Amino acid sequence: MRIAVDAMGGDYAPEEIIKGALLAHRYLQVGIALVGRPDALEPFLPRPLPPGITVVPAEEVVGMAEEPLAVRRKPQASINVSMQQVRAKQADAVVAAGNTGATMAAAYLNLGRLAGIDRPAIGALLPTLKGKPVLLLDVGANVDCRPRFLEQFARMGSLYCQCVLGIEKPRVGLLNIGEEPNKGNDLALATHQRLTQLPGIHFAGNAEGRDVLTGDFDVVVCDGFVGNALLKFAESVGQVITQVLREELPRGWRGKLGCWLLQPNLKQVKRRMDYVEYGGALLLGVNGICVITHGSSKAAMVYHAIRLAKEAAEQKILQRLQAEMADSHPSKVNAGENAPPLASASNPSPEALSVGSLDRVEG
């Protein structure tokens, strides 16, 4: 198992990216290809390099503020070279903490889409009250969606939960403003009808915002605009609660004593609420395994992102998605709902490459 890591992407690259990669190599027994400018990586690398750690030169970098199409102007950018490692089967997965739009564009251009997928989606795992995660998708790849896209998200999310999370019959929910089938906008109404009739998934109905973190659903689908806003709100809630506990519990001698007695429990609470534990988001629907983590990622989150990529590769999620989605070719859907093609190496489409950003969530 070998994971290509874009060592130049992120607010704290390359130092924190390298630290996280070294942790993953040590504790996950996984090979690491650090992609980036050798002169920039050198000060943070141990000497000699441990067996299984390699440096793959990439002389260009796509900055956090650059537009997604910068990947075409910079063919030797570290994110492009990372994707090429997977395309050439020299790596099993890519982990990137840099510009999310550029990461998606590089995945489209270098790896392509799976057959039967109109729009790849970013799927993020969130903690729930039942102690198991819920997969929320899309969380930023597609700001505007069509019912067919959400149907495909549901199929991919359900299969991911089966393969990687070990859930035999994942409960799929459609994010909406009410539980009733007649609630919501035109997109929600049309998608609800399609999911109700979709074989192969367990559609459990509409999921209101308050239902997402209860654990009653294993997969929740929505468009990328809503999903990205919900993801960042959920992460901020965890940060707020943790900060309030840190400030209020130690007040007075009773509080200090209580904190000492409850220390193991408080650590467990933090672990369950900390999005760092979930590593990042999987880009589902491209012809390769790609984990997108936060631009503000430090070593711990990079470690967990590599763990997520390793688990997806070990469970052969890509091969399962290829087999599952191949029968949903665009020719089988209504002609009036055909989607414009995604960008290709010969025909870049700024609209197709315009994605929501996860880059600036503070950790």
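Right, let's walk through the structure included here. Per chain, residue numbering runs from 1 following the sequence as it is written. For a predicted model such as this one, the threshold for reporting local features is a pLDDT of at least 70, and the threshold for listing and counting side-chain atom pairs is 80 or more; totals across whole chains, interfaces and linings nevertheless cover every residue. The side-chain numbers reported here are obtained from all heavy atoms of the structure, hydrogens and water having been left aside.

## Quick notes on the overall build of the chain
The condition is simple: Each helix is a run of H or I in the DSSP string that is no shorter than four residues. Each strand is a run of E no shorter than two, and both are numbered from the N terminus. When a residue's accessible area, from a 1.4 Å probe over protein chains only, is under 20% of the maximum for its type it is buried; when over 50% it is exposed; and in between it is partly exposed.
The number of helices and strands found in the chain is eleven helices and eleven strands. Within the span of the chain, comprising 363 residues, buried residues form 55% of the whole.

## Thoughts on the pairing of strand 7 (residues 171-175)
Which entries qualify depends on this criterion: Here the rule is simple: two strands pair whenever DSSP picks up at least two bridges between them. By convention a crossover is right-handed if, when the strands point away from the viewer, the path from the first strand over the helix to the second runs clockwise.
Buried residues dominate strand 7, accounting for four of its five residues. Pairing of strand 7 with strand 8 (residues 202-207) involves four bridges; the strand directions are parallel. From the neighbouring strand, Val172 faces strand 8, where its bridge partner is Phe203. The parallel pair strand 7 and strand 8, bridged by helix 7 (residues 186-196), forms a crossover whose chirality is right-handed.

## Considering the pairing of strand 10 (residues 281-284)
Alternating residues of strand 10 divide into Ala281 and Leu283 and Leu282 and Leu284, and every residue in both groups is buried. Direction of pairing for strand 5 (residues 121-126) relative to strand 10: antiparallel, over a ladder of four bridges. Directly across from Gly123, in strand 10, lies its bridge partner Leu282. The pairing of strand 10 with strand 11 (residues 290-292) spans two bridges and is classified as antiparallel. Bridged to Leu282 within strand 11 is Val291. Here strand 10 folds back onto strand 11 in antiparallel fashion, the turn holding five residues, of which Gly285 has a positive phi close to 115°.

## Let's talk about the nonpolar core
Defined as follows: Take the buried residues of types Ala, Val, Leu, Ile, Met, Phe, Trp, Tyr and Cys, join any two whose side-chain atoms come within 4.5 Å, and each joined set is a nonpolar core. The contact criterion used throughout is that any non-hydrogen atoms of two residues lie within 4.5 Å.
Counting 62 residues, the largest nonpolar core has Ile3, Ile32, Leu34, Phe153, Tyr160 and Ile306 as its most contacted members. Considering each element in turn, this core owes the most residues, nine residues, to helix 6 (residues 147-163). Those residues in contact with Ile32 that lie beyond four places of it in its chain are Ile3, Val5, Ala21, His25, Gly52, Ile53, Thr54 and Ile306. Counting residues in hydrophobic clusters, the runner-up holds 40 residues, among them Met83, Ala105, Ala107 and Val286.

## Some remarks on the sheet that holds strand 6 (residues 134-137)
Counted only if it meets this: Fitted lines through C-alpha atoms serve as axes, helices being fitted only where they are in contact, and the angles separating the N-to-C directions of these axes extend from 0 to 180 degrees.
Taken together, eleven strands build an open sheet; the order of strands is 3-2-1-4-11-10-5-6-9-7-8 and the sheet is mixed. Each having just a single partner strand, strand 3 (53-57) and strand 8 make up the two edges of the open sheet. Within this sheet the neighbouring strands show an average axis-to-axis angle of 25°, counted without direction. Relative to the sheet, helix 4 (residues 78-87) contacts strand 1 (2-6), strand 2 (31-36), strand 3, strand 4 (93-96) and strand 11, its axis offset from that of strand 1 by approximately 165°.

## Quick word on the pattern of salt bridges
Note the following rule: For this document, the term salt bridge refers to a Lys or Arg side-chain nitrogen within 4 Å of an Asp or Glu carboxyl oxygen.
Scanning all chains against the criterion turns up 15 salt bridges. The salt bridge partner of Lys132 is Asp218, with a shortest N-O separation of 3.0 Å. Of this pair, Lys132 sits in the loop between strand 5 and strand 6 while Asp218 sits in the loop between strand 8 and strand 9 (219-221), and the two are 86 residues apart along the sequence. Residue class for Asp218 comes out buried when judged on its relative accessible area of 3%. Notably, a salt bridge pairs Arg210 with Glu208, separated by 3.2 Å at the nearest N-O pair. On the basis of relative accessible area, Arg210 is assigned to the exposed category, the value being 63%. Owing to a relative accessible area of 16%, Glu208 belongs among the buried residues under this scheme. Among the charged side chains, a salt-bridge network with shared partners connects Glu15, Glu16 and Lys19.

## Thoughts on the state of the cysteines
As a reminder, the rule being used: In plain terms, two cysteine sulfur atoms within 2.5 Å form what is called a disulfide here.
Using the criterion set out here, one finds zero disulfides in the structure. Summary of cysteine pairing: Cys145 is not part of a disulfide, and the nearest cysteine sulfur, belonging to Cys222, is at 8.1 Å. Residue classification places Cys145 among the buried residues on the basis of a relative accessible area of 14%.

## Considering the packing of helix 4 against helix 5 (residues 100-111)
This is how it is decided: An angle counts as roughly parallel when it lies under 35 degrees, as roughly antiparallel when it exceeds 145, as roughly perpendicular when it falls between 65 and 115, and as oblique in every other case. Each crossing is labelled by how the near helix is turned from the far one, with a counterclockwise turn of less than a right angle marking it left-handed and a clockwise turn marking it right-handed. Residue classes follow a fixed rule: Ala, Val, Leu, Ile, Met, Phe, Trp, Tyr, Cys and Pro count as nonpolar, while Asp, Glu, Lys and Arg count as charged, and any other residue, Gly among them, counts as polar.
Running from amino to carboxyl end, helix 4 crosses helix 5 at an angle of 40°, the nearest separation of the two axes being 9 Å. On the basis of their axis angle, the class for helix 4 and helix 5 is oblique. Here the hand of the crossing between helix 4 and helix 5 comes out right-handed. Of the residues in helix 5, those touching helix 4 at Ile79, Asn80, Met83, Gln84, Val86 and Arg87 are Ala102, Thr103, Ala106, Ala107, Asn110 and Leu111. The class makeup of the residues in the contact of helix 4 with helix 5 is seven nonpolar, four polar and one charged.

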